[in-house]
Amino acid sequence: EKSQDCMYLQYCKVCQSYKAPRSHHCRKCNRCVMKMDHHCPWINNCCGYQNHASFTLFLLLAPLGCIHASFIFVMTMYTQLYNRISFGWSSVKIDMSAAKRDPRPIIPFGLSAFAASLFALGLALGTTIAVGMLFIIQMKVILTNKTSIESWIEEKAKDRIQYYQTGETFIFPYDMGSKWKNFKQVFTWSGIPEGDGLDWPVRDGCHQYSLTIEQLKQKADKRVRSVRYRAVEDYSGVCCPVTKGVKTFFTTPCTEEPRIALSKGDLILATRGLKHWMYGEKILDSAADGGIRERGWFPRKCVEKCQYDSETDQPVDGEKKTR
């Protein structure tokens, strides 16, 4: 509504529009999502402003359902085995063909049914632990009125301030200071979250665009810290390349982020990396001023650091810290 606010907002090149505060572009959904937390492949959708509460309730009810199913499986196997176990002086025998004590079992229960019940019990317990942990993580970020992405942004803000020693103090603007108030920002009796997904209440002393301003600073810092590499080997973009070494194969990043295919001679701006992998943006020859780039992981073995001339030298460490 106010054109002067554009200086505080990020611009999405895919959607060709400015991002609202707390919004992020999802590569899978191919759109910007309000208050995006993450993209969930199990619901084939993003978890964000409209469905954050519903998704969290799903994370609570799924483990409860699995606990109920586990109880049923345990009691079923116990009652069936109880009728089929005979105790001798030197051994314990289990006869799965027929009941010893009750000749008329209510439900036929053979060896295959027992194996299936045991397997289902393992799945139920595994789901309870895995999804239960996700529920705890979600509740932690909800009680601070954050999303998973915003928690990561806050960590990067602390890293940026410490790296440049600017003396700033980043305060997350949407934390209301009370866990109950933060809880009510997501969970309501009507099921409809508060607000419109564009404007958010902020704590005293914070700007409406404090978070987006920090994101713009981090993007500028990312460009400063990026290092240019040149591809010396072809890479097809597969998740676990066999031809790039055993260590590269077994240390592939466990993330949904894509891989980028490389051809010998391609230029890449690397922004972060692991011991055997790097993440960066491939500069396309057709891009004007490096505007259009493909981002993703690639093996460190396939690239080498460029030797800069006087016109393209990156800032040295002393210069970086003064930016």
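Here the residue numbers are simple positions, counted from 1 along each chain's written sequence. Per-residue local features of the predicted model are confined to residues with pLDDT of at least 70, and side-chain atom pairs are confined, for both listing and counting, to 80 or more; whole-chain, interface and lining totals are unaffected and use all residues. Note that the side-chain values use all heavy atoms of the structure and ignore hydrogens as well as water.

- The protein carries the name Palmitoyltransferase in an unreviewed UniProt entry, which gives Ciconia maguari as its organism.
- UniProt positions are given in the numbering used here, feature names are shortened, and annotations may be inferred rather than shown by experiment. Quoted verbatim from the Subcellular location (unreviewed entry) heading of the UniProt record, the comment on the protein is "Membrane".
- The UniProt entry for the protein carries the following comment under Sequence similarities (unreviewed entry): "Belongs to the DHHC palmitoyltransferase family."

**A look at the packing of helix H1 (residues 52–82) against helix H2 (residues 111–142)**
Thought 1: Each axis is a line fitted through C-alpha atoms, taken for helices only over the stretch in contact, and angles between the N-to-C directions span 0 to 180 degrees. Strands here are runs of E lasting at least two residues and helices are runs of H or I lasting at least four, both read from the DSSP assignment and numbered beginning at the N terminus. Running from amino to carboxyl end, H1 crosses H2 at an angle of 155°, the nearest separation of the two axes being 8 Å. On the basis of their axis angle, the class for H1 and H2 is roughly antiparallel. By crossing handedness, the relation of H1 to H2 is classed as left-handed.
Thought 2: Taken together, the residues of the contact of H1 with H2 sort by class into 22 nonpolar, eight polar and no charged. Just so you know how the angles are binned, under 35 degrees is roughly parallel, over 145 roughly antiparallel, 65 to 115 roughly perpendicular, and the rest oblique. Two helices cross in a left-handed way if the nearer one is turned anticlockwise from the farther one by less than a right angle. They cross in a right-handed way if the turn is clockwise. Side-chain classes are defined by residue name, with Ala, Val, Leu, Ile, Met, Phe, Trp, Tyr, Cys and Pro counting as nonpolar, Asp, Glu, Lys and Arg as charged, and the others, Gly among them, as polar.

**Quick notes on empty space enclosed by the protein**
Thought 1: A pocket here means an open set of points on a 1 Å grid, computed over the protein atoms alone, that has protein on both sides within 12 Å along at least five of seven lines. A cavity is instead a set of points where a 1.4 Å probe fits but cannot get out; residues with an atom within 4 Å of a point line either one. Grid points are joined across faces, edges and corners, and a volume is the space filled by probe spheres set on the points. Within the structure shown, the criterion is met by one cavity of 30 Å³ or more.
Thought 2: One number sums up the size of the largest cavity: a volume of about 50 Å³.
Thought 3: Residue lining of the largest cavity: Lys-35, Tyr-49, Gln-50, His-52, Ala-53, Gln-185, Val-186, Gly-191 and Pro-193, and that is the complete set.
Thought 4: Broken down by class, the residue content of the lining of the largest cavity amounts to four nonpolar, four polar and one charged.

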